[in-house]
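As a plain string of letters, each chain reads:
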Amino acid sequence: GAWCCGTREHWLLEDVVALIRAVCRHLSLGIVDVVFYSSSSGGTAALSAAALIDGALAIAVNPQIRLTHWFHYPNFLETLGIDLDEKDPFHRNEISRLIRESSSRFVIVYNVESYDDAEKQIAFFAEDMGMELTYGLSQKENVLLWGYDAKGGHCSQEPRELFPYIVFIAQKFADGRLSLEDVHHVDAFNYI
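Presented here is an overview of the structure given in this document. (Residues numbered from 1 in each chain as written. Predicted model: local features only at pLDDT ≥ 70, side-chain atom pairs only at ≥ 80, totals over all residues. Heavy atoms only, no water.)

## Observations concerning the nonpolar core
Move 1: Counting residues in hydrophobic clusters, the biggest one holds 42 residues, and the most contacted among them are F36, L47, I99, F106, F125, V143 and L145.
Move 2: Elements with a minimum of two residues in this core: α1 (12-26), α2 (41-52), β2 (57-61), α3 (73-80), α4 (95-100), β3 (105-111), α5 (115-129) and β5 (143-148).
Move 3: Examining the composition of this core, we find that 6 residues originate from one element, α2, more than from any other.
Move 4: When neighbours within four sequence positions are excluded, F125 is seen to be in contact with I65, S96, I99, I108, V143 and L145. (Core = buried A, V, L, I, M, F, W, Y, C linked by side-chain atoms within 4.5 Å. Buried < 20%, exposed > 50% of the residue type's maximum accessible area, 1.4 Å probe, protein only. Helix = DSSP H or I, 4+ residues; strand = E, 2+ residues; numbered from the N terminus. Contact = heavy atoms within 4.5 Å.)

Right, here's the structure in full:
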């Protein structure tokens, strides 16, 4: 929880990224082999971590993009005392900026039926990135948005049937192999 923010003076994700770099060196893996995958506040952390380690892939399901506009933000502010509306040297409330400045790839899967996700978070992100918010796939540079319909509100976990297909599509996107056929398959998958 708490988007892995850390403290006012220290961003916990910087430690996570340092650890991942060390593990990659130890195992002789490239950063392109690193995939951050999570949902909700963990999805936010996945996006931010990938932005800090150029070349990785982030897959985030229903993440928060505008942290100060999330309904739990007042609790976060009261508990941790980190006001993300103030000048933050880590830009933790500017995820669009972090993503634009990164060479990593970002796949954001969101429930179009969730006002909290689609309207309060992803619509803002899409506008900020100059992207179209649509049902299905929308791609621009290093970002792929995938809108699906799960009925109801915020889903902190994607439907388990969706998981392997999300990873499959995300990997094709990261490898630059996403095709028009894949877009049609996603539309059919969404329908099912």
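## What about the state of the cysteines?
Move 1: For the coordinates displayed, the defined rule picks out 0 disulfides.
Move 2: Cysteine C5 remains unbridged, with the sulfur of C4 as its closest cysteine sulfur at 8.0 Å.
Move 3: The thiol of C24 is not disulfide-bonded; the next cysteine sulfur, from C4, is found 18 Å away.
Move 4: Residue C24 is classed as buried on the basis of its relative accessible area of 5%. (Disulfide = S-S within 2.5 Å.)

## As for empty space enclosed by the protein
By rolling a water-sized probe across the atoms, one finds the places where empty space is left.
Move 1: Applying the stated criterion across every chain, the model contains 1 cavity of 30 Å³ or more.
Move 2: Of the voids in this model, the largest cavity is the one considered here, and its volume is about 30 Å³.
Move 3: Around the largest cavity, the lining residues are W3, C5, W11, T44, S48, L67, R92 and I95.
Move 4: For the lining of the largest cavity, a count of residues per class yields 5 nonpolar, 2 polar and 1 charged. (1 Å grid on protein atoms, 1.4 Å probe; cavity = no way out; pocket = protein on both sides within 12 Å on 5 of 7 lines; lining within 4 Å. Points joined across faces, edges and corners; volume = space filled by probe spheres on them. Nonpolar A, V, L, I, M, F, W, Y, C, P; charged D, E, K, R; others polar.)

## Focus on the pairing of β5
Move 1: Along β5, 6 of the 6 residues are buried, which leaves the element largely enclosed by surrounding structure.
Move 2: Relative to β5, β3 runs parallel, the two being bridged by 6 bridges. Its bridge partner lying in β5, I108 is registered against L145.
Move 3: Relative to β5, strand β4 (residues 136-140) is paired through 5 bridges, and the arrangement is antiparallel. (Pairing = 2+ DSSP bridges.)

## Structural notes on the pairing of β3
The two faces of the sheet receive side chains in turn, since in a regular strand these alternate between them.
Move 1: With 6 of 7 residues buried, β3 lies mostly within the body of the structure.
Move 2: As paired elements, β2 and β3 share 5 bridges and run parallel to each other. If you follow I59 over to β3, its bridge partner there is V107.

## A few points about the sheet that holds β4
Move 1: Pairing in this open sheet of 5 strands is mixed, and the strands run β1-β2-β3-β5-β4 from one edge to the other. Of all strands in the sheet, those bounded by a partner on one side alone are β1 (35-39) and β4. Pairs of neighbouring strands in the sheet enclose a mean axial angle of 10°, with direction left out of account.
Move 2: Docked against the sheet, α2 engages β1, β2 and β3, running at close to 155° with respect to β1. (Axes fitted to C-alpha atoms, helices over the stretch in contact; angles between N-to-C directions.)

## Focus: a nonpolar patch on the surface
Move 1: Residues L19, V23, L27 and L29 make up a contiguous nonpolar surface patch of about 370 Å² in total accessible area.
Move 2: Take L27: it is sitting in the loop between α1 and β1. (Patch = residues over 30% accessible without salt bridge, like charges linked within 9 Å, V, L, I, M, F, W, Y side chains within 5 Å. Areas by Shrake-Rupley, 256 points an atom, 1.4 Å probe, with all protein chains shown as cover. Salt bridge = Lys/Arg side-chain N within 4 Å of Asp/Glu carboxyl O.)

No statement about biological role is implied by the geometric values presented.
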